[in-house]
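Here are the chains, one letter per residue:
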Amino acid sequence: MLTRRTLLTLTAASPILASEVFRTSAVMAGTPKGVVVMAKQIDDLVSGFDPAEAYEITNLEVVPNLYRGLVSPDLADNTKVVGDLAESWTVSEDGTIFVFKLKTDARFASGKAVTAEDAAFSFQRAIKLDKQPAFILAQFGYTKGNVDDLIKATDDTTLVMKLPTAVAPSFLLFCLTAPIGGVVEKATALAHEVDGDMGNGWLKVHSAGAGGYQMVEWVASDHVTLDANPHSGKPDQPRRIFIRHVPDPSAQLLMLQKGDADIARNLTPDLLKKARADKDLTVVSSGQAVSVYVTMNQSMPELQKTQVHQAIKWAIDYDGIAMNITPNMYSVAQGFLPPGLPGGMTDRLFKKDVAKAKQLLAEAGFANGFEVTMDVPSSAPYADIGQAVQADLADIGIKVTLVSGEMRQVMTKSRKRGHQLALLPWGTDYFDPYSNSQAFCENPDDSDDGKLRLMAWRSHYVDKELNDMSLAASKERDNTKRMAMYREMQLKFAERAPFAMLLQKIASAVMGKGVSGFVIGPQTGFTQYADIRKA
Amino acid sequence: MIGRLFDRAWLLSDSPQSRAQAAWGRRYRLWCDFRANKPALYGLATVIALLACAILAPLLATHDPVTQNLGQRLLPPSTQHWLGTDELGRDVYSRLLYGARVTLGMVLAVVVLVAPIGLAVGCVAGYYRGAADVILMRVTDVFLAFPRLILALAFVAAIQPGMTSAVIAIALTTWPPYARLARAETMTIRDADYIAAVRMTGASSGRIILRHIMPLCLGSLIVRVTLDMSAIIIFAASLGFLGMGAQPPSPEWGTMIATARRFLLDQWWVPLIPGIAILVASLAFNLLGDGLRDVLDPRQG
Amino acid sequence: MQRHSPARTLARLGATVSSLAITLFGLVLVTFFIGRVIPIDPVLTILGDHARPELVERMRIELGLDKPLPVQFWIYLTHLFRGDLGRSVMTSNLVVDDIKLYFPATVELGTTAMIFATLIGIPLGVLSAVRRNSRLDQFVRVFSIVGHSIPIPVLGLISLLVFYAWLGWAPGTGRVGVAYVGMTPTVTGFLTVDALIAGDADVFWDALSHLMLPAAVLAYFSMAYISRMTRAFMIDALAGEYVITARAKGLSPARVIWRHAFGNIAVRLATVLALTYAGLLEGAVVTEMIFSWPGIGQYLTVSLLNADMNAVIGATLLVGFVYMVLNLLADVAYRVLDPRV
């Protein structure tokens, strides 16, 4: 039924007008036609949807639906990227100049064509604003001073990116798939500039991109409303995406079964099992670039020997945890690069072997074990995983006292290096192996003033060889060779590092009756709402 | 002397020979009143049974309360596990018994801390009025006005996590309503004729508050205390998430519910069983409290 | 009240206002320092777990965290006097705007629950006291204790399961159906009231129906306290001399109960009601979570766990202020209801 009103909303999408239309359909049961209602826990949303600033899980999923980047990860082959706004690109012989040729048919929501100047502006803007994710670009050597010279549009469709130093081409390309690589419409951003913020304040709650959707409204801890970008070139996309904050997983499932939600995002393993049994519902899932690990602080004498690291790794019942506590939610992953990420490792290096672990412990001089504390986030499933690890370590004589606290409490403590053992999650910053290899292997300055303070630093882990290998791999121009280096590093890491990598997160979504096309990938950017279809 | 306590005639004598006899006689009459109140007796019996369970937990338990068996998660009740198993395959029945120790101990500790403080503050403020009232009530208001979680979190920062800090944190957020209530009671009593009469006999203010006002406030206090018991258990569970209270794997009823709540749709018995335990305990304390209130309230003829 | 001269009334008002101000100051002081000592780093929320040290340092200075505590407090106070509660890190909004958004949701829910709890709790309590130890009394007592003893998450989920999923009597979670979100212009922030102002019956009924289930759950929980206190007070009152006198005078039982006995407990009941209502307005975090209700309880908790201190202090002040005003009203109620005080 195409009324005058429907037409109006499709073109001029004012929220009030749009809701006028819904009213007619609201009488019917279920969610309004053309509107996808997603039940999701969104209280992690922090500081809005500016691609130069967005950094939490939900923000990072929404932003790629508002903005398109030059390139995007290839769903079919995770070691490659494919062009999105870019038609093609070339890399100079020495690996320091990237030239992108843009497609000519991409349009912003305003209807204007996407130009190379918009892309150059977006990258310059990200560096100049210097918000949380800015380091993803800044690590290539861009600064507020040089970025205007190094990144330039030479004509409407040609963008030239010069790098101060050569890096692995795949490294830069993977980084450009991150939300910070989203292209912002220069004119719109500058039109809303306040005190030289390049539109940052305005873009937190509005959008100016070429993605499938545009931002309509965000009410924190309540809902996010997105309306279709009329110029996205995808006429079949749902015209509105309504993400409703439903913190309780059981309530999410009930809403889905009643038809009040089309997609539920935070079902627990036991609810997922229920959802799988319901033939009206469709479950999709994918491994995520999020790892759960146990870190052993090297400031504690008992935890310093390699044999102790090994003993702990051989004591844990990985399969027992994954199969019983976190089925369909976390799976076993023992490398610092989880499967799905470029360089991800699927090998099973350790399994529970009490005799072997005990022997290793004895070799280290702790035949009778020792006592240690472990900081554990109090939320599910960490509390349960923590207790399972505690029981496993008790089997080899290590007496663990759990110290549970709210997630950010535990993080704050480990950032101050105050833990002994700690069970924590780590999410990759961008879709490139360097993000994790840097975090877990590099610790060039272990002093309290060290500049790099990621996982290795936080646990006083200094390993010169792995540190240098990580740096070298980030510059390796042959991609096959580069991936092989990551494999070698992960094997050495498993051998001796004071980190027991346990699990990889699996994200699942459940689609209600008649809903299809929702995709989850290893990184939030894979999820394109425009592909959702609703009968 | 002991033998005499079982001598009904001695106890109920109209003309007691000694102070002790009079006192024991009074107590015996209270007990007779109490005994006549069936629900209160049920309450008392249940409370005693619960305490017995807590004390005898090691004897009554069929399993170790912390031993995990991941292969036997979330089993329904059976002959092997009488009340089924929890999310880590631990025996719920045994955890319930050991949990009674932790839970009841904590609740009693809080009550013992909170009730006298609230009562004293409220009675003093209500009796003296004026400056004492203003100061005490402003302090009460500050505490009352705090969202409980905020105060609790401050404690996480200040004190080592554990049961003691949980008890103190709960006590800190629980006493103000008692003070408010006791004050409201006192204000209605203080101008009563018999208080004026007592005052005329030259009794000191302290004595009036202690002997004549506080006993009158006790009734509503007991009702509130017994009603608060389940709330205390549940609040303790939410503190558990902030790292206070019983640390895993030690069993505690509130935490058992809080962690098992996500299984409500399917393995409903897992959260239900500790829920029933809290309900039974709460009901028992409430019935007992009502009975006590009835016999202790001097206004009852 | 002719006994009081205008000057005395004025003095009393002054004393009340100043004591309110002192309590508020105490509240700000304590909250502020709690905010600075909690074991969660505020910079963590803003910059995330992976931020570079120099960025962390810069943010520290930007937030004024490098200054001595008293200086930070002074700065906060001076802003506060200008009515500026600062900006929330989580929502990027002014805290004042956030409160305008979330608090009405809580008030709407809390007030509805309070009305339910009072309308059911007081009559039940009176009835229970009058027919003390009867079957009805036993039933009322057990019924209300059950409501108070089931943890709200369990009670909330069960009610959703039964009334929403099985019976279909209640609509889903949230304040209003998806189709009606943002339909009425915000005037008061209370959706039902706004819908009436806009003259939109559909939205009004939808919002009202969304309100019922969470309000009922909260009411069931709060009712126990009200009904049991009413019962306890009434039992005292019914044994009082004036009631016996009234009975002796041959007044009808209903008149004795409601006019003489109940009139006498109104003072103490006012405190009970004020405490209950204030407790509801603090925001029932768990209920809000289960019913996806965007209230102040969720706002406060999420802010707290993220160390979003401007939001925490702002919301705490508000909740504290409401508490104090309600207590003040209860105090006023003493004077009006009880001629002896």
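Residues numbered from 1 in each chain as written. Chains lettered and ligands numbered in written order. Predicted model: local features only at pLDDT ≥ 70, side-chain atom pairs only at ≥ 80, totals over all residues. Heavy atoms only, no water.

- Labelled according to an unreviewed UniProt entry, chain C appears under the name Peptide/nickel transport system permease protein, originating from Ancylobacter tetraedralis.
- As its UniProt record puts it under Sequence similarities (unreviewed entry), chain C is described as follows: "Belongs to the binding-protein-dependent transport system permease family." (UniProt positions renumbered as here; feature names shortened; annotations may be inferred.)

- As named in an unreviewed UniProt entry, chain B is Peptide/nickel transport system permease protein, taken from Ancylobacter tetraedralis.
- Per UniProt, chain B has the following entry under Subcellular location (unreviewed entry): "Cell membrane".
- What UniProt records for chain B under Sequence similarities (unreviewed entry) is the sentence "Belongs to the binding-protein-dependent transport system permease family. OppBC subfamily."

**A few points about the interface of chain C and chain B**
Step number 1: Listed per partner, the contact involves 57 residues of chain C and 52 residues of chain B.
Step number 2: Buried area between chain C and chain B, both sides added, is near 5,100 Å², and the carbon and sulfur share of it is 69%.
Step number 3: On the chain C side of the interface with chain B, the three residues burying the most area are Ser149, Arg228 and Arg268 of chain C, jointly 10% of the side's total.
Step number 4: At the junction of chain C with chain B, the criterion picks out one salt bridge.
Step number 5: Arg268 of chain C serves as the salt-bridge partner of Glu185 of chain B, at 3.1 Å between the closest nitrogen and oxygen.
Step number 6: Secondary structure elements with two or more residues in the side of chain C that touches chain B: helix 1 (6–37), helix 6 (135–149), helix 7 (152–166), helix 9 (201–238), helix 11 (253–281), helix 13 (296–305) and helix 14 (309–337) of chain C.
Step number 7: Class assignment for the residues of the side of chain C that touches chain B results in 35 nonpolar, 12 polar and 10 charged. (Contact = heavy atoms within 4.5 Å. Buried area = accessible area lost by both parts, 1.4 Å probe. Salt bridge = Lys/Arg side-chain N within 4 Å of Asp/Glu carboxyl O. Helix = DSSP H or I, 4+ residues; strand = E, 2+ residues; numbered from the N terminus. Nonpolar A, V, L, I, M, F, W, Y, C, P; charged D, E, K, R; others polar.)

**Overview of empty space enclosed by the protein**
Where empty space is left can be seen by rolling a probe of water-molecule size over the atoms.
Step number 1: Enumeration according to the criterion identifies nine cavities of 30 Å³ or more in this entry.
Step number 2: Forming the boundary of the largest cavity are 25 residues, of which Gln387 of chain A together with Glu87, Thr255, Met256 and Thr259 of chain B lie nearest the centre.
Step number 3: When contributions to the lining of the largest cavity are tallied by element, the ones reaching two or more residues are helix 15 (382–395) of chain A together with helix 5 (92–128), helix 10 (205–240), helix 11 (253–260) and helix 12 (269–296) of chain B.
Step number 4: Counting residues per element, the lining of the largest cavity draws most heavily on helix 11 of chain B, which supplies four residues.
Step number 5: Its residues assigned to classes, the lining of the largest cavity shows 12 nonpolar, seven polar and six charged. (1 Å grid on protein atoms, 1.4 Å probe; cavity = no way out; pocket = protein on both sides within 12 Å on 5 of 7 lines; lining within 4 Å. Points joined across faces, edges and corners; volume = space filled by probe spheres on them.)

**Considerations on unusual backbone geometry**
Residues and elements named next belong to chain A.
Step number 1: A cis amide bond links Ala380 with the next residue in sequence, Pro381, at an omega value of 0°.
Step number 2: Checked against the element boundaries, Pro381 lands in the loop between strand 14 (371–377) and helix 15.
Step number 3: Backbone geometry places Ser221, a non-glycine residue, at a positive phi of 55°.
Step number 4: By the element assignment, Ser221 lies in the loop between strand 8 (213–219) and strand 9 (223–228).
Step number 5: What makes Ser221 buried here is its relative accessible area of 11%. (Buried < 20%, exposed > 50% of the residue type's maximum accessible area, 1.4 Å probe, protein only.)

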